[in-house]
Amino acid sequence: MIQGFFVTGTDTGVGKTLISTALIHVLRRLGLRVSGMKPVASGCIDTDYGRRNEDADRLLEAANVSADYDLICPYRFMPPIAPHIAAQQEGIDIKTEQILQCYQKLQSCSDAVVVEGVGGWQVPIKEDQFMSDLAVEAGLPVIIVVGVRLGCINHALLTAASVLASGLPVAGWVFNQLDPDMQQLDAVKQTLQAYMPGTMLAEIPFQDDPDVEAIARSFQLSK
Ligand SMILES: Nc1ncnc2c1ncn2[C@@H]1O[C@H](COP(=O)(O)OP(=O)(O)OP(=O)(O)O)[C@@H](O)[C@H]1O
Ligand SMILES: [Mg+2]
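Predicted model, so just to flag it, every value in this text is computed and none were measured. (Residues numbered from 1 in each chain as written. Chains lettered and ligands numbered in written order. Predicted model: local features only at pLDDT ≥ 70, side-chain atom pairs only at ≥ 80, totals over all residues.)

K.L.:
What is the right way to read the site of ligand 1 from this model?
P.N.:
Near ligand 1 there are 17 residues, and of these Thr12, Gly15, Lys16, Thr17 and Leu18 occur at the shortest range. The greatest single-element share of the shell around ligand 1, amounting to 3 residues, is contributed by helix 1 (residues 16-29). Split into classes, the residues belonging to the shell around ligand 1 amount to 6 nonpolar, 9 polar and 2 charged. (Near = placed C-beta within 6 Å. Helix = DSSP H or I, 4+ residues; strand = E, 2+ residues; numbered from the N terminus. Nonpolar A, V, L, I, M, F, W, Y, C, P; charged D, E, K, R; others polar.)

Here it is in structure tokens:
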């Protein structure tokens, strides 16, 4: 039974939020109550409702379980920089136990939780703690978003190797074309299919205005 996924990517800005929101739609269509979570976010704005992060907003909007913003995105930093540096600058100690408590609360009111990582897989969140440690603690299968552009094969295989070394399963990966002029697209896809663990869950072409619903429909994910 699906309990959720941890969505990581080959880099920052490769489509994790886009794919996470599409994945939430897919899981909703399977009849599940779904929450989204962005445990650590750098790049926030202060609003009348408090400090907000765009990724967390989008996950919340896609979800069909309404939850407290502080559960969905417990650590929100203003500057769009590496999270452990942002935390240091703001004098905040990121407590992994608190993040896990938030995750468990979301889990208790949902059938599935889609957790979006920050940056790529091996991103420090504090001394000797990485975002990947949180995925391990939560025990969630991992989906790797491969931002398809030159260099992505190496990034994808390194990410997959590191996920597997952590002991977590790779539920699958998404072929997300970032470079509209990417050459040898089919050959790159075949190489990833040959070497990546798990199956290709979706193949998303470059789109000027990405369509979340269409991406959700193209997902190959069963209950
Ligand atoms: N297939 C695609 N075609 C065109 N644009 C895309 C595609 N996938 C993602 N993008 C665009 O790339 C940008 C980054 O996507 P997104 O915010 O989902 O990445 P991310 O990995 O979540 O980034 P972050 O590391 O900041 O959380 C967005 O503007 C998004 O619309
Ligand atoms: Mg994002």
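K.L.:
Mind showing me how you'd approach the sheet that holds strand 1 (residues 4-9) here?
P.N.:
Adjacent strands of a sheet pair through backbone hydrogen bonds, lying either parallel or antiparallel. With parallel pairing, 6 strands are arranged side by side in an open sheet as 2-7-1-10-11-12. Because the sheet does not close on itself, it has two edges, and the strands there are strand 2 (34-37) and strand 12 (199-204). Along the sheet, successive strands turn relative to each other by an average axial angle of 20°, direction set aside. Pairing geometry for strand 11 (residues 170-177) and strand 12, over 5 bridges, is parallel. Directly across from Val174, in strand 12, lies its bridge partner Ala202. (Pairing = 2+ DSSP bridges. Axes fitted to C-alpha atoms, helices over the stretch in contact; angles between N-to-C directions.)

K.L.:
Where do I start with the packing of helix 7 (residues 152-165) against helix 8 (residues 185-195) in this structure?
P.N.:
Each pair of packed helices can be summarised by the angle the axes make with each other and by the distance between the axes. In the contact formed by helix 7 and helix 8, the axes pass within 11 Å of each other and the chain directions differ by 15°. Between helix 7 and helix 8, the interaxial angle falls into the category roughly parallel. At the point where helix 7 passes helix 8, the crossing takes the right-handed sense. Between helix 7 and helix 8, the residues in contact are Ile153, Ala156 and Leu157 and Val188, Thr191, Leu192 and Tyr195, respectively. Looking at side-chain class alone, the contact of helix 7 with helix 8 contains 6 nonpolar, 1 polar and no charged residues. (Parallel < 35°, antiparallel > 145°, perpendicular 65-115°, else oblique. Left-handed = near helix turned anticlockwise from the far one by under 90°. Contact = placed C-beta atoms within 7 Å.)

K.L.:
Could you clarify how one ought to interpret helix 2 (residues 54-62) in this entry?
P.N.:
Listing the buried residues of helix 2 in full gives Asp55, Ala56, Leu59, Leu60 and Ala62. What you see down the axis of helix 2 is that its buried residues fit within an arc of 165°, all on one side. On its buried face, helix 2 is in contact with helix 1, strand 2, strand 3 (40-42), helix 3 (69-72) and strand 7 (112-116). (Buried ≥ 20, exposed ≤ 12 C-beta atoms within 10 Å, placed from the backbone. Arc of directions from axis to C-beta.)

K.L.:
Can you walk me through the nonpolar core in this structure?
P.N.:
A general tendency of soluble globular proteins is for nonpolar side chains to be buried together. Formed by 65 residues in total, the largest nonpolar core has its most connected members in Ile143, Val146 and Val174. Broken down by element, the residue count for this core peaks at 7 residues, all from helix 1. Each residue touching Val146, except ones within four places of it in the same chain, is listed here: Thr10, Cys152, Ala156, Trp173, Val174, Phe175, Asn176 and Leu192. (Core = buried A, V, L, I, M, F, W, Y, C linked by C-beta atoms within 7 Å.)

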